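# Summary of the model geometry
These are the residues of each chain, in order.
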Amino acid sequence: MTWTGETHLQILVVGSVAYDTVETPAGKREFQLGGSACYFSMSASYFTDVGLIGVVGRDFDPDDLDMLKQHGIDTSGLIEADGKTFRWYGEYMEDINAAVTLDTQLNVFGGFDPELCDTHSNTPYLFLANVDPTIQIKVLDSMSKKPKMVACDTMNLWIDVARPALNDLIRRVDILIINEDEAKQLTGEENLAHAAHAILGLGPSLVTIKRGEYGVALFGDDFSFAAPAYPLDRVVDPTGAGDSFAGGFMGYIASVDRIDQDALRTASIAGSTMASFAVEDFGLERIKILTKADIESRFDAFTDLTHFKPMS
Ligand code: AMP
């Protein structure tokens with residue numbers, strides 16, 4: 001894995017910016033900074049320059065904004081609107097791999113209608129994090145030219161209530177990055193490989209299926225790759241693991257500016273590396289204090305974990 005030097009805005013992410021309340025077997029935290037766009041951008045910021053498109057309320061803490069800026073994230077697309085920031089309340093008491101949503105308060109996120117400036121609309125890599133697919137389509141339509149790579153995420157809610165828009169979106173993206181359960185729900189297939197190939201049939205050239213503590217699997221028409229999750233002694237808070245994966249994955253791809261099979265394999269490990277850090281503490285606590293040395297050393301541990309010689 002190599003690091004880039006100075007870059008201009010390489011990735012644009014649109015997604016939620018939230019105050020999350022989470023309960024896990026390790027404890028409870030109230031109103032911690034979260035949301036798909038925050039986890040993604042913080043994770044990707046260690047690899048390249050990221051711009052964030054989102055909305056917050058008047059209650060948004062200036063220290064949280066400073067933290068995003070200190071990580072070099074372009075927050076000029078983070079709009080403040082009248083009302084409160086989006087709130088999500090979830091718990092992982094029964095199953096550490098699956099959040100149970102206890103409450104969602106959309107607040108200003110309910111009226112989210114992103115507008116892109118020229119700089120944002122010319123960004124080469126685009127991540128459409130989990131929001132209403134009509135908003136994801138609007139952002140995609142607002143790009144001045146076709147990005148080098150467009151990836152998107154979604155969730156069970158949109159598969160249930162916005163299927164036509166979601167199908168339109170999936171047809172137009174290069175990569176769908178999705179949880180295993182949602183991949184199965186989307187396709188009606190119980191077998192992972194069948195679900196992946198059914199998704200490829202919907203339009204994308206690649207699908208990355210996130211499998212929680214079992215890692216990720218990447219499928220293309222003539223290519224597949226699997227990466228384990230890092231075997232941690234203790235998972236404190238799984239919130240944001242998927243978005244942190246996506247941030248490391250796309251951050252790496254954008255930093256090398258290549259989308260070949262070797263880059264996709266390394267990107268999967270970069271993503272898994274960032275997801276492994278995300279779950280080690282509540283919210284963004286671990287991600288926000290990482291050093292490049294921490295990331296390189298965990299990446300190397302992944303290399304050892306998966307290294308083997310051909311059978312002779
Ligand atoms: P994940 O990477 O899947 O664990 O994403 C966790 C984040 O998703 C949390 O920080 C939540 O704030 C956010 N979230 C939960 N529900 C929604 C929703 N309906 N739309 C957008 N973001 C959400």
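Before any of the text, the structure's been laid out above.
Residues numbered from 1 in each chain as written. Predicted model: local features only at pLDDT ≥ 70, side-chain atom pairs only at ≥ 80, totals over all residues. Heavy atoms only, no water.

### Describing the layout of surface pockets
- Space inside the second largest pocket adds up to approximately 230 Å³.
- If you go around the second largest pocket, the residues you meet are F225, A226, R265, T266, I269, F299, F302, T303, T306, H307 and F308.
- Where the lining of the second largest pocket is concerned, the elements lending two or more residues are β13 (223-227), α10 (261-278) and α11 (292-306).
- A total of 4 residues in the lining of the second largest pocket trace back to one element, the largest contributor, which is α11.
- When grouped by side-chain class, the residues that make up the lining of the second largest pocket number 6 nonpolar, 4 polar and 1 charged. (1 Å grid on protein atoms, 1.4 Å probe; cavity = no way out; pocket = protein on both sides within 12 Å on 5 of 7 lines; lining within 4 Å. Points joined across faces, edges and corners; volume = space filled by probe spheres on them. Helix = DSSP H or I, 4+ residues; strand = E, 2+ residues; numbered from the N terminus. Nonpolar A, V, L, I, M, F, W, Y, C, P; charged D, E, K, R; others polar.)

### Thoughts on helix α6 (residues 163-172)
- Restricting attention to buried positions, one finds in α6 the residues A165, L166, L169 and I170. Viewed end-on, α6 has its buried residues packed into an arc of 135 degrees, placing them on one side of the element. For α6, exposure combined with an orientation more than 90 degrees from the buried face picks out P164 and R171. (Buried < 20%, exposed > 50% of the residue type's maximum accessible area, 1.4 Å probe, protein only. Arc of directions from axis to C-beta.)

### Quick notes on the site of the ligand
- Around the ligand there are 16 residues in total, and S16, D20, G35, G240 and D243 lie nearest to it.
- S16 is positioned with one of its side-chain polar atoms (N or O) 2.8 Å from a nitrogen atom of the ligand.
- At 2.7 Å from an oxygen atom of the ligand is found a main-chain nitrogen or oxygen belonging to G35.
- Elements supplying a minimum of two residues to the shell around the ligand: β2 (18-24), β6 (86-91) and α9 (241-256).
- For the shell around the ligand, a count of residues per class yields 7 nonpolar, 7 polar and 2 charged. (Near = heavy atom within 4 Å. Polar contact = N/O pair within 3.5 Å; in protein donor to acceptor, adjacent residues only side chain to side chain.)

### Quick notes on the pairing of strand β4 (residues 50-56)
- With 7 of its 7 residues buried, β4 lies for the most part within the structure.
- With 4 bridges joining them, strand β1 (residues 11-14) and β4 adopt parallel strand pairing. Within β4, the residue paired with V13 across the bridge is L52.
- Bridge count between β4 and strand β5 (residues 74-80): 5 bridges; the pairing is parallel. Bridging from a neighbouring strand, V55 pairs with I79 of β5. (Pairing = 2+ DSSP bridges.)

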